[in-house]
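# Overview (structure and organization)
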Amino acid sequence: MSNGFFNVPIPVNEPVKGYAPGSKEREELLQAYKELREQQLDIPMYIGGEEVRTGNLMPVTPPHDHKRVIGNYHYGNASHVQQAIDAALAAREQWSQMPWESRAAIFLKAADLLAGPFRARMNAATMLGQSKNAFQAEIDAACEMIDFFRFNVKYMTDVYKMQPESLPGMWNRLEHRPLEGFVFALTPFNFTSIAANLCAAPAMMGNVVVWKPANTQVYSAKVIMDLFKAAGLPDGVINLVYVDGPEAGDVIFKHRQFAGIHFTGSTGVFNHIWKTIGENITRYRGYPRIVGETGGKDFIVAHKSAHAKEVAVAITRGAFEYQGQKCSAASRAYIPSNIWEEVKQHVVEDLKSLKMGDPEDFGNFINAVIDEKSFDKLAKYIDAAKNDDQVEIIAGGNHDKSKGYFIEPTLIVAQDPQYVTMCEELFGPVLTLHVYDADKFEEILEIVDTTSPYGLTGAIFSNDRYAVELATKKLSHAAGNFYINDKPTGAVVGQQPFGGSRASGTNDKAGSMLNLLRWTSARTIKETFVPPVDYRYPFLQGGSAAEGAL
């Protein structure tokens, strides 16, 4: 039993390692990458305390070298989803009743393990399986995941400290219970840290989880489970399955004990999930928590006072880091006519200098997109733009999938701000920009706000504070993460809680106390020390018997 109010370690953002030539971390990462590249890992599902192997093997191939097999994962079916639910519910009582400081210790240990002995392996797995360069893997699979664990422990204590006032003679308490049932974590390919956080955040608050990662992230998902086990996470708290999405949903969303979903993925899938939950609402023991971060059509808008080189760098980094496969990546830009030629010169020069290829070559800024489906979609849009008189491709435009799924960073200039690639989410290294009359800033803000149904990230560049204030107000719902004179990517846990609204999700801000609150169900407890022994209130005194007679 706990006999103290415990202070947790003060979280500090994990420093990003540089991986400079000759550095220790560079040597360790390259060694881990080469070792994993030459193996074929056998990747089981993790259900309760069992490693489940079905024999129905699916290959894992690096997007940048899709003919090389680096592992095989055991594909499951509906029966394995049911087993995972059963294992989670079997673990629920003991886990939910574990003292919070013991739960915290597990994830604090996971953070320290990842900062140390697991770092090179987690980064290498992300580089191989998801085709990230060393820096993109470091800020994601190492630093952000570490930050999620450490900061969420602090936020957990902030939640538990939220207590009501008590008047004399009574004691009011607020108990933050885990949800009644299990949580389903459905996670994306593009951020290893998001995959970890979507299952870890509910678990930290005492919930049990069934976790289904994207098939294209299974490779690093295994390393995450290895990390959890090394940190001492009890069996059954997080159960990892590889199954068809609709097949998993058919079991999960009809289960009486389904308590919530933690999701990152496409808007279409999230809409379908929400509809399915609504159709099954009478089945559930309670109303499920629906927490999701979905798509985006993220923007950069420059004012005529903006510095051209700053805008150009924001475009290059904001649109093309990790091949534009970040939820926050800029995919549309609005540039005033007075600085356009200078912005164009700088961006085209930048894109000419970018190297593309295997993540093992640390000189490569660009790697492969995630799979053939993504490649084909992007190639289709690029080829259509080549044959459209309304637009001009001023950089990139080439693609090749003979060895890996390589899409050259592509910059499209559109005369029409409603051109298809200005409006539709592409999720790749393609940015479309529109050059507007420099004196029509307020009009372009209206176009920015109404062009897309999404509301995830966006950036304003200006050296005129009135223009900054105008954009901040006009675009108040266009971006849940809004950047002033910075690219619209790179949110840091503890600094910029992440999430958007409109068609971009429920805006529950991953990496903040707001998100953790969604995984609790509060109970108010009032204790009266000396209960009354007479039902009569003072106002009843002084009345006559006749006045009270029937």
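Residues numbered from 1 in each chain as written. Predicted model: local features only at pLDDT ≥ 70, side-chain atom pairs only at ≥ 80, totals over all residues. Heavy atoms only, no water.

### A closer look at the state of the cysteines
Within the structure shown, the criterion is met by 0 disulfides. Of the cysteine sulfurs around C143, a residue in no disulfide, the closest is that of C327, at 19 Å. In this structure C143 comes out as buried when scored by relative accessible area, which is 4%. This cysteine, C327, is not joined by any disulfide, and C199 carries the nearest cysteine sulfur, 16 Å off. On the accessibility criterion, C327 (9% relative accessible area) is buried. (Disulfide = S-S within 2.5 Å. Buried < 20%, exposed > 50% of the residue type's maximum accessible area, 1.4 Å probe, protein only.)

### As for the domain arrangement of the protein
Here the domain parsing of the protein yields domain 1 (96–294 + 505–525) and domain 2 (298–484). Each of domain 1 and domain 2 has a C-alpha centre, and these two points are 31 Å apart. Contact with domain 1, which involves 18 residues of that partner, is made by 19 residues of domain 2. Roughly 1,500 Å² is buried in total at the junction of domain 1 and domain 2, and carbon and sulfur atoms are behind 59% of that figure. (Domains from an automatic or database assignment. Contact = heavy atoms within 4.5 Å. Buried area = accessible area lost by both parts, 1.4 Å probe.)

### So, the sheet that holds strand β4 (residues 57–60)
In space, the 3 strands of this open sheet follow the order β1-β5-β4, with mixed pairing throughout. Of all strands in the sheet, those with a lone pairing partner are β1 (41–43) and β4, marking the two edges. Put simply, the sheet's adjacent strands are angled 25° from each other on average, direction ignored. Where β4 lies against strand β5 (residues 71–74), 4 bridges are found, and the strand directions are antiparallel. Among the inter-strand pairings, V60 is bridged to a residue of β5, identified as G71. With respect to the sheet, helix α7 (residues 218–230) is in contact with β1, β4 and β5, its orientation differing from that of β1 by roughly 75°. (Pairing = 2+ DSSP bridges. Helix = DSSP H or I, 4+ residues; strand = E, 2+ residues; numbered from the N terminus. Axes fitted to C-alpha atoms, helices over the stretch in contact; angles between N-to-C directions.)

### Some details on unusual backbone geometry
Despite not being glycine, Y19 has its phi angle at roughly 55°, a positive value. By the secondary structure assignment, Y19 is in the segment before α1 (24–37). A residue is classified by how much of its surface remains accessible, and Y19, at 6% relative accessible area, is buried.

### With respect to the UniProt feature "domain: Aldehyde dehydrogenase" (unreviewed entry) in the protein
As annotated in UniProt, the feature "domain: Aldehyde dehydrogenase" (unreviewed entry) corresponds to residues 58–521 in the numbering used here. Taken end to end, residues 58–521 is 42% helix and 20% strand, and its first and last C-alpha atoms sit 39 Å apart. (UniProt positions renumbered as here; feature names shortened; annotations may be inferred.)

### Describing the environment of I194
Among the structural elements, I194 can be located in helix α6 (residues 192–204). On the basis of relative accessibility, which here comes to 13%, the residue I194 falls in the buried class. When the C-alpha positions of I194 and M162 are compared, they lie 26 Å apart, and in sequence the two are 32 residues distant.

### Quick notes on the packing of aromatic side chains
The geometry of an aromatic ring pair comes down to the distance between the two centres and the angle between the two planes. Applying the stated criterion across every chain, the model contains 17 aromatic pairs. Note on F184 and F253: the rings are 6.0 Å apart at their centroids and 70° apart in plane angle, and the pair reads as edge-to-face. Note that F184 is positioned in strand β7 (residues 182–187) and F253 in the loop between α8 (245–252) and β10 (258–264), a separation of 69 residues in sequence. On the numbers, 5.7 Å between centres and 90° between planes, the contact of F270 with W274 is edge-to-face. Taken together, the residues F270 and W274, both in helix α9 (residues 267–279) and 4 residues apart, mark about one turn of the helix. Classification of F270 as buried rests on a relative accessible area of 5%. Since its relative accessible area comes to 44%, W274 is described here as partly exposed. Aromatic ring contacts, followed pair by pair, group F182, F184, F253, F258 and Y284 into a single cluster. The positively charged end of K132 is found above the aromatic ring belonging to F191, 4.1 Å away from the centroid. Its guanidinium or amino end placed over the ring of W171, R173 lies 4.3 Å from that ring's centre, counting from NZ or CZ. (Phe/Tyr/Trp six-rings, centres within 6.5 Å; stacked < 30°, edge-to-face > 60°. Lys NZ or Arg CZ within 6 Å of the ring centre and 35° of its normal.)

### Here we look at the pairing of β5
Covered by surrounding structure in β5 are G71 and Y73 together with N72 and H74, the residues of both alternating faces. With 3 bridges connecting them, β1 and β5 associate as parallel partners. Looking at the pairing, D42 lines up with N72 of β5.

### Section: the environment of A231
Assignment of secondary structure puts A231 in the loop between α7 and β9 (238–240). Residues A231 and I106 lie 125 residues apart in sequence; the distance between their C-alpha atoms is 5.5 Å. Ignoring sequence-local partners within four residues, the contact set of A231 consists of I106, K109, A110 and L113.

### Some remarks on the nonpolar core
Formed by 105 residues in total, the largest nonpolar core has its most connected members in F107, F149, W211, F228, I238 and I252. Looking at which element gives the most residues to this core, the answer is helix α5 (residues 134–161), with 13 residues. Setting aside chain neighbours within four positions, we find F228 in contact with F107, F149, A196, C199, A200, L233 and I238. By size, the runner-up hydrophobic cluster in this structure holds 34 residues, among which are A330, L351, L354 and A395. (Core = buried A, V, L, I, M, F, W, Y, C linked by side-chain atoms within 4.5 Å.)

### Here we look at the packing of helix α14 (residues 441–451) against helix α15 (residues 465–474)
At a minimum axis separation of 10 Å, α14 and α15 run at an interaxial angle of 30°. By the angle between their directions, the pair α14 and α15 is classed as roughly parallel. Both α14 and α15 take part in a crossing whose hand is right-handed. Between α14 and α15, the residues in contact are F441, E442, L445 and D449 and A467, L470, A471 and K474, respectively. Tallied by class, the residues present in the contact of α14 with α15 amount to 5 nonpolar, no polar and 3 charged. (Parallel < 35°, antiparallel > 145°, perpendicular 65-115°, else oblique. Left-handed = near helix turned anticlockwise from the far one by under 90°. Nonpolar A, V, L, I, M, F, W, Y, C, P; charged D, E, K, R; others polar.)

### Quick word on the side chain of D226
Mapping D226 onto the fold places it in helix α7. Relative accessible area serves as the criterion here: at 16%, D226 is assigned to the buried category. Separated by 2.6 Å, the side chains of D226 and R121 make a polar contact. Apart from residues no more than four positions distant in its own chain, D226 is found in contact with Y46, F118 and R121. (Polar contact = N/O pair within 3.5 Å; in protein donor to acceptor, adjacent residues only side chain to side chain.)

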